[in-house]
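This is what each chain is made of:
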Amino acid sequence: MKTRVGARRPSRPTGAKRHPRGDSSRRPEATAEAPLSAAKKVERSVIELPQSLTVKELGELLKVSPAQIIKELLNNGFMANINQTIDYDTAAIVAQDLGFETKEQQTAELGLTEAAEQERIAEDQSALVPRPPVVTIMGHVDHGKTSLLDAIRETNVTAREAGGITQHIGAYQVEIHGQKITFLDTPGHEAFTAMRARGAQATDIAILVVAADDGVMPQTKEAIDHARAANVPIIVALNKIDKPNANPERVKQQLADAGLLIEDWGGNIVCVPVSAKKKQGIEQLLEMILLVSEMGELKANPTGLGRGVIIEAELDKARGPVATMLVQRGTLKVSDNLVVGQVSGKVRAMFNDRGKSLRKAEPSTPVKILGLSEVPKAGDTFEVVGDERTGRLIAANRAKQKQAELATAQRAVTLDELFSQIQTGQVKELNIILKTDVQGSIDPIRSSLERLSTDSVKVKIIHQATGNITESDVLLAQASKAIIIGFSVRAEPGARKVADTAKVDVRHYDVIYNLVEDVSKALQGMLEPTYIEVIDGHAEVRQLFKVGKNEVIAGSAVTDGKIGRSDFVRVNRDGKVIFDGKIASLRRFKDDVREVATGYECGIGVEGFNELQPGDVIEAYRKEKAS
């Protein structure tokens, strides 16, 4: 845990300075002829301190005992042990109290460390060897994803391991004909896409589970689009073929309609009939996975330092942070020092999916490890570094730059910025997720949008469906750098929140012409900027005053915020908006004013509307250009 002493220290008399006390024999630079502080200033005028370090490391840098460092920390109101991490500001206060001048170690040194890591990632082609494929199972709810996973585990793991599976780690390996296959046990396509949105492309093959008695359902189509957007090969597992009402041919027709043409029908999609319940076709499915992986020529370099991705992580009350990792290149070993996103640590122990302790893990191997300082996030990448201190420095530097990175990170494509991104070559395809209220609206909108494609940019509908915009849609848009267009539908509250956080552009339309025109103008750089409403305040109408022949002034009390002379206003009556316009006049007593704050009374004239009544609520707002 990283702790920082505040800027204010305990007050001391003006001009007073605290000097270190203790046995001078521990500090050979001090002599009888020269005071300790003077010796320090001569021999070590400036000490470079990193962004974070332990109490012990600070003592080593200053060449004083850890006990002396702990004592100085206590004098500044902070309790720490010898292995506790402190930040630069805290360390600098202690060092200055001991007579040192300090400066912060430049982040350029950390940049060199990361550059070295990037250079290490460039793999020697001659060292590449075949690796096991990594597989994710997706499909519609109740179509048998969990049952299929269980069937694969039971037939390929339990049969070979006495006592069966001892623990579940979110990923596991099976073996067939001497070759291994790694399965990621994710909840479905949403988890798959959420991980991809964080930059982790962990999956090589997607297994699409479709029930032979139920056919292609909405979530089946979503899974297809998510797998396609990730450019992952799809294998169809046609489940529940043992049921009397199973109709494989009908399902194959539905898959063809969804864009997946099975090999039997002249396409290139592998389809394997299975029954998870009766454990039929499991071996054939595994053989097809191996065949598809051979065609993909999956290889990795097992030599060198390990690197990979976090599948899942949790805080165990007894063991601390526990992370399930997938090694993607190199070899991960016990005692390796790690950086995982903004977290660092050391591999204290490592286990496979059956709870067996391991000393090392090669590419495509899933493992559970102990030893991280905090719980990392699923989708974070991990990398092995030379020592613990380097790991802490890199993690601290990443944490420090997090806000800046978020500000400068590549945003999802927006219609407002589309033309400039096309001009600079950042965008070659405009990916669109289309959600409509009825099925009949999809085809005309899709065909109209696809006709807008030019030589510079292709308009591509990566997912289409009926119903409101969901979190799954937003995650897919984030991962695919797509925009979302809703036709006569709205975004669910959770989806809107995620879209705002991820900066995903969500557009709503009720007229097809307007929808197509906006996309066309965006492609040509002619789209007008969008504006957002900012609510300034509310006022309640208390009484009415007639001025002249036609004008009515509403004597009102500002209940919250403020009312501005240049604001737009909405008149609300019984919870419904009855008028939307502009303020014609704003007065306090007989004086025209620019604004009126909460708690004050004023007279409001609404341009073009004289039907105000006592009890009406006037909502003042302004329009700002969206950033």
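Residues numbered from 1 in each chain as written. Predicted model: local features only at pLDDT ≥ 70, side-chain atom pairs only at ≥ 80, totals over all residues. Heavy atoms only, no water.

Topic: the packing of helix α15 (residues 471-480) against helix α16 (residues 493-502)
So the rule is basically this: In this analysis an axis means a line fitted to C-alpha atoms, helices contributing only their contacting stretch, and an angle means the value between N-to-C directions, from 0 to 180 degrees. Strands here mean DSSP runs of E at least two residues long; helices mean DSSP runs of H or I at least four residues long; both are numbered from the N terminus. An angle below 35 degrees is read as roughly parallel, one above 145 as roughly antiparallel, one from 65 to 115 as roughly perpendicular, and any other as oblique. The hand of a helix crossing depends on one turn: near helix anticlockwise from the far one by less than a right angle means left-handed, and clockwise means right-handed. Residues are treated as being in contact if the distance between any of their heavy atoms lies within 4.5 Å.
Contact geometry for α15 and α16: axes closest at 8 Å, N-to-C directions at 20°. Here α15 is positioned roughly parallel relative to α16, judged by the angle of their axes. Relative to α16, α15 is oriented so that their crossing is right-handed. The residues of α16 that touch α15, namely those facing Glu-471, Val-474 and Gln-478, are Gly-494, Ala-495, Val-498, Ala-499 and Ala-502.

Some points on the confidence of the model for the chain
Selection criterion: Confidence scores per residue from the predictor, reported as pLDDT, run from 0 to 100.
Confidence along the chain averages 80 in pLDDT terms, with 80% of residues attaining 70 or more. Every residue in residues 1-44 scores below 50 in pLDDT, and together they form 67 contacts with partners more than four places removed in sequence or on other chains. Counting contacts from residues 107-121, a segment whose pLDDT is below 50, to residues more than four positions away or on other chains yields 21 contacts.

Quick word on the pairing of strand β14 (residues 307-316)
Stated precisely, the cut-off is as follows: By the convention used here, strands pair only if DSSP detects at least 2 bridges between them.
Pairing analysis gives nine bridges linking β14 to strand β15 (residues 320-329), with the strands arranged antiparallel. Counterpart to Leu-315 in the pairing with β15 is Pro-321. The loop that links β14 with its antiparallel partner β15 comprises three residues. In terms of strand pairing, β14 meets strand β21 (residues 381-385) through three bridges, oriented antiparallel. In the sheet register, Gly-308 faces β21, and the bridge partner there is Phe-382.

Concerning the packing of aromatic side chains
So the rule is basically this: Centres within 6.5 Å make a pair out of two Phe, Tyr or Trp rings, where for Trp the six-membered ring is used; the pair is then stacked when the planes are under 30 degrees apart, edge-to-face when over 60, and tilted otherwise. The buried label goes to any residue with under 20% of its type's maximum accessible area, the exposed label to any with over 50%, and the partly exposed label to all in between, with areas taken from a 1.4 Å probe on protein chains only.
Under the criterion given, the structure shown has three aromatic pairs. The interplanar angle of 15° and the centroid separation of 5.5 Å between the aromatic rings of Tyr-172 and Phe-183 together place this pair among those described as stacked. Residue Tyr-172 is found in strand β8 (residues 171-176), and its partner Phe-183 is found in strand β9 (residues 179-184); the two are separated by eleven residues along the sequence. The exposure class of Phe-183 is buried, given its relative accessible area of 1%. Summarising the aromatic geometry, the rings of Phe-568 and Tyr-621 are spaced 5.7 Å apart at their centres and angled 20° between planes, so their arrangement reads as stacked. Placement of Phe-568 in strand β28 (residues 568-573) and of Tyr-621 in strand β33 (residues 617-625) is noted, with a sequence separation of 53 residues between them.

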